[in-house]
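Survey of secondary and tertiary structure
Listed here are the chains, written in short residue letters.
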Amino acid sequence: MNFPHSVRYSGASLIVALSLLVVVPVRAQRPAPKPAPAKPAPAKPAPSKPAPAVAAQTPAPEPSPAVTFDTLLSADAYGIYAEMRMVGRHAGSQEFAQLLAPFGFEDSSAPAELLELYKFIETHADVLMTSRLLFATMPARAGLPETLLAVEMPSVEEARKFLPELRQFIAVNVAPPPSSAPALTTTKTSATPEASNAARRRGRRRARARAENAPDAVRAKPNPVPQFQIKRTGNLIAMSGATFTFKDLHGTDQALLVNEPGFQAARTRFSTDTLFVYFNTVRMSNSAKQHSEALEKEYRRQEELAEAQRQKQEATANANGEIEPDTITSLPENATLTNPSVVAPEENLIGLVKPSENETAGTPEPTPTPKSEKELEEERQREESQRFAKTLASLIFDGRGGNNETWPESIGVGASLEADALVVRGLFVSAPDEQALRPIPFFPALLSGPAIASDAPAVLPADTNVFVSVSLDLPQTYDYLASLMKIADLAATQENGKGGFGDQLAAFEKTNNFRIREELLTALGNEIAIGMPGNEFFGSRTVRRRADDSSPPPPSGPIVVIALNDKESLQKLLPRVLNAVGFAGATEQSVVEKHGQVEVLAFSNGTLAFIDRFLVGAPDAATMRRVTDAYNSGQTLANNERFRDSRSWQPGQGIGQVYIANDVLKGMLDDVTKSVDDIDDPAIRAYLLSLDPEPGSITHLATRESDGLMHELRLPKNLLSLFMASGLVSQKLSTLRSNETMAQWKLRTILGAQEVYKQKTGRYATLAELDDAAADLPGYESAMVVDGYEIKVYVSGDTFEATATPTSYPKLGRRSFYIDQTGSLRGDDMGGRPASQANPIIE
């Protein structure tokens, strides 16, 4: 895709994150020593004869480097590769400056290194205007640094000029703090160099011997010198926190990364995106395996050292007569043994079950009423059916239906800023002959169906705030799971003599009188969707209901929607299916009511309804009532204007999509515009007022492409700005908000303590009386002092009032709070005055 330069910006802040991965971890590197100034050479005597003229020589041009940006890495070098284009253009863009605006204010929470790095890149934006940045990590073969960063400059001359400035930046900003170790002093001696060397060798041997015999707590540990390196070849500058050579990165007679088919396909697809990231899952797995093996090896070495140390200590103790060997084989930790030859009988029972109190006392346990043969057989069949159903479900949902082989070897990701959204695309590159795609990577057993235009929004309520839909090929998914089960048949039969998957399947279908593939799955369609209300997802805020609130309860979600191929067949089959998986109470006569055009089926574990060509499930009758009322009145998600607008960029069909509404995202973030009055800094107030408080909606679509599965995610730019601004507000108001929260908590604990106190004494207590009786008042802490607030309690007859008023308004607290015997906490900004019963209730 080609986009105008003014909008072809992406998450340029990722350049900072990628750079810090290399620069920040090597802060222990000392700055490179500055070369001593050259001393002037002594004047040479004038030649007796004039020197012959020497022809001026032109410097030979630098040979073209053997390694370039595209040939730097071999295909087997790293598991993760990232590339950012047009570094200077994006680092100096207005969009990037707006995202980082919160970091520019005084006392910002941004790391100093990040700010300095951004300033450095911004200062050199002209030089880096067309540069490319490369980042690689997760080495897949030995001898490579953990992370590598490289910058391609416009020319060799620009690279020569930029290199000293880059070295200076790292020397200043990545330099370690001064060492606290005492300086070593040396004494001059007249000994010969040979004698001095011998003395140094003897000193090192004595120091090594002392270190080996020293206790672990005081043994000196090696302090390796960091090996941060910066190297240049042609117009390419590479750097890492460990030693490296271009030959190691490039490899010898190795295939290049740029020639890897998966890399080529992904890089070509995202050639116009600002940021490109490539994952090779095979190399990532190998790198993780090597890292795990290295950790395991080190763990075993540490265990061997610990065991050797323990044996040494035991040998020393035995030699000193402190412990007689072979007297005690094991002893519980912290146990005291006065006579090692006498051990309680129960302590000698290893692997035996201690008799129960009933058995010890001789009291027989009650004998249960025996079941008939028919009851036992029915119970066994039910257990086998439910066990079989759970086995199938576990294969789908806990990931055992797939392994590393189910993930594509190559995954490419591109990111750019387009218009008002950050667009992130991910391509799961598939082999040309692969037919089945997996739309949900976390559930590899689920195989995608055909591209569809989702119709599920037409049966979900308009206030659905989270919507997920996917097209699945259920018969093919079932065949895939069956093949996995059949592979394990032989092992299962050999292990316990029981039949394999085929026998279990036949028994399940015979017991429940239906066939899974031929009847159930053929009656179901491709689309499966889930709708969620916002108060159940992503931690959005909920409003607590009062006991006397008679309004309808909020939706409890989730709502499941499944497309149907044959509605009549499923209506007859559904009760048997529900009973087979453990949902009791469903029969063919369970349709108890009809809401308009909707038939509702109720049973003990929930409610189902047939709406149009969909089967809809809800957790309770109230939620299902909302669904049916919305459908009958036309107030569905498909008619929601915000929902339609958010999906305007999507093509007509796909194999999966996600929608997260504006209300959910707004609930996750603080309303920064409401915090304007709480901040004294006029510059920050002006910045917050310039923001749109509506974050927008997140949308996602998965489509089948010629070279694999494409996921496209759109994050509103305004959401990113509000997220950054929310962090700034939290940083500035952390003390004030903490004090206000503690003041509210203190008043609530006073309310609880008053209720307990009155139950015991028949009256309410003053604050001093509560403090005196704190030991008998659960949850009340008399010693707790709320910073920035004064707590007071007033008692009058059968009532009490408690207030929390700021002592340093508005810096340490802005709102005043009030609570009384009714239990309602009230509060507002009172300008530093006490709150009262006239203030609004705080939920």
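A few points on the structure. (Residues numbered from 1 in each chain as written. Predicted model: local features only at pLDDT ≥ 70, side-chain atom pairs only at ≥ 80, totals over all residues. Heavy atoms only, no water.)

**A short note on unusual backbone geometry**
- Of note, the bond from Y809 into P810 is cis; its omega dihedral lies within 30 degrees of zero at 0°.
- Here P810 lies in the loop between β20 (799-806) and β21 (815-820).
- In this structure, M86 takes a positive phi of about 50° despite not being glycine.
- Among the structural elements, M86 can be located in the loop between β1 (78-84) and α2 (87-91). (Helix = DSSP H or I, 4+ residues; strand = E, 2+ residues; numbered from the N terminus.)

**What to know about the pairing of β1**
- Among the seven residues of β1, seven are classified as buried, and the element is accordingly described as predominantly covered.
- Direction of pairing for β1 relative to strand β2 (residues 132-139): antiparallel, over a ladder of six bridges. The partner of E83 across the bridge, within β2, is L134.
- The pairing of β1 with strand β6 (residues 275-280) spans five bridges and is antiparallel. Bridge pairing in β6 places Y81 opposite Y278. (Buried < 20%, exposed > 50% of the residue type's maximum accessible area, 1.4 Å probe, protein only. Pairing = 2+ DSSP bridges.)

**Quick notes on the environment of V459**
- By secondary structure assignment, the location of V459 is in the loop between β8 (421-429) and β9 (466-471).
- Sequence separation of V459 and D612 is 153 residues, and the distance between their C-alpha atoms is 8.1 Å.
- Other than its neighbours up to four places away in sequence, V459 contacts V561, I611, F614, V616, V627 and Y631. (Contact = heavy atoms within 4.5 Å.)

**A few points about the sheet that holds β21**
- Taken together, the four strands give an open sheet; going across it, the order is β19-β20-β21-β22, and neighbouring strands pair in antiparallel fashion. Of all the strands in the sheet, the pair left with one neighbour each is β19 (789-796) and β22 (826-829). Averaged over all neighbouring strand pairs, the angle between strand axes comes to 15°, with direction disregarded.
- Note that β19 and β20 share eight bridges and pair antiparallel. Residue pairing for β20: Y789 is matched across the bridge by P806. (Axes fitted to C-alpha atoms, helices over the stretch in contact; angles between N-to-C directions.)

**Side note on the environment of T703**
- Position of T703 among the secondary structure elements: in strand β17 (residues 698-705).
- Residues T703 and Q653, 50 residues apart in the sequence, show an inter-C-alpha distance of 7.7 Å.
- The residues touching T703, leaving out its near neighbours within four places in the chain, are Q653, G654, I655, G708, L709 and M710.
- A polar side-chain atom of T703 sits 2.9 Å from a polar atom in the side chain of E705. (Polar contact = N/O pair within 3.5 Å; in protein donor to acceptor, adjacent residues only side chain to side chain.)

**What about the packing of aromatic side chains?**
- Per the stated rule, a full pass over the model turns up 13 aromatic pairs.
- Where F120 meets F169, the ring centres are 4.5 Å apart and the plane angle is 25°; that geometry is what we call stacked. Of the two residues, F120 sits in helix α4 (residues 112-123) while F169 sits in helix α5 (residues 156-173), which places them 49 residues apart along the sequence.
- F169 sits in the buried class, given a relative accessible area of 10%.
- For the pair F263 and Y278, a centre-to-centre distance of 5.1 Å together with 85° between the ring planes defines the contact as edge-to-face. Of this pair, F263 sits in helix α8 (residues 261-269) while Y278 sits in strand β6, placing them 15 residues apart in sequence.
- Using a relative accessible area of 1% as the deciding quantity, one classes F263 as buried.
- In this structure an aromatic cluster arises from ring pairing among Y81, F263, F270, F276 and Y278.
- Note that K231 overlies the ring of F244, its terminal NZ or CZ placed 5.1 Å from the centroid. (Phe/Tyr/Trp six-rings, centres within 6.5 Å; stacked < 30°, edge-to-face > 60°. Lys NZ or Arg CZ within 6 Å of the ring centre and 35° of its normal.)

**Some words on the nonpolar core**
- Grouped together as the largest cluster of nonpolar side chains are 30 residues, with contacts concentrated most on L166, I230, I237 and M239.
- Among the elements of the structure, β1, α2, α4, β2, β3 (147-152), α5, β5 (236-240) and β6 are those that each provide at least two residues to this core.
- With six residues, α5 is the largest single contributor of residues to this core.
- Once you skip the residues sitting within four places of it in the chain, I230 turns out to touch L163, L166, R167, I170, I237, A238 and M239. (Core = buried A, V, L, I, M, F, W, Y, C linked by side-chain atoms within 4.5 Å.)

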